[in-house]
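A closer look at the structure
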Amino acid sequence: MADDRNPSPEEMRARTGLGIGLAVGMAIGVSMGVALQNWALGLVFGVAIGIALSVAFRGSGGSVEKGSDGADAVDDPDSGDDTQDGRGPSA
């Protein structure tokens, strides 16, 4: 069971995304249900839109890409890669 007192950033993002997505989706679904005069169709649209939005709000979390050896792909100024501006290191 998750620790509710100190959730990780990923868990907090997942919870917030689910809440926001379902709230916005259900608001759209209720509006569509009233407009179409069919509450079941509005409910189906609301849940579908809510799940899609919750996945979109959750996002990828801005993770750092991993290299082939599993190390983080961080720019190393001493790596010897001079392709940024086409010039070699200055003297």
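Below is a summary of the structure that appears in this document. Since we're looking at a predicted model, the values are computed, not measured. Numbering of residues starts from 1 in every chain and runs along the sequence as written. With the structure being a predicted model, the display of local features is reserved for residues of pLDDT at least 70 and the display and counting of side-chain atom pairs for 80 or more, all residues being used for whole-chain, interface and lining totals. As a convention, hydrogens and water are excluded, and side-chain values are obtained from all of the structure's heavy atoms.

Secondary structure is summarised from DSSP: a helix means a run of H or I of at least four residues, a strand means a run of E of at least two, and numbering begins at the N terminus for each. One less than the number of residues in a helix, times 1.5 Å, gives the span that helix is expected to have. Along its 28 residues, helix H1 (residues 9–36) runs 39 Å from first to last C-alpha, staying within 8% of the 40 Å computed at 1.5 Å per residue. When accessible area is computed with a 1.4 Å probe and restricted to protein chains, residues below 20% of their type maximum are described as buried, those above 50% as exposed, and intermediate ones as partly exposed. Taken residue by residue, H1 has Gly-17, Gly-21, Gly-25, Gly-29 and Gly-33 as its buried positions. The criterion used for residue contact is that any of the two residues' heavy atoms lie within 4.5 Å. Elements that come into contact with the buried residues of H1 comprise helix H2 (39–58). Positive phi shows up at Gln-37, right after H1, with a value of about 55°.

Take the pattern of salt bridges next. Once the charged atoms of two side chains with opposite charge are near each other, the side chains can pair. By salt bridge we mean one thing: a side-chain nitrogen of Lys or Arg within 4 Å of a carboxyl oxygen of Asp or Glu. Applying the stated criterion across every chain, the model contains one salt bridge. One salt bridge in this structure joins Glu-11 and Arg-15, with 2.8 Å as the shortest N-O distance. With a gap of four residues between them, Glu-11 and Arg-15 both fall in helix H1, about one helical turn apart. The class for Arg-15 is partly exposed, based on a relative accessible area of 38%.

The quantities given are spatial measurements derived from coordinates; they are silent on function.
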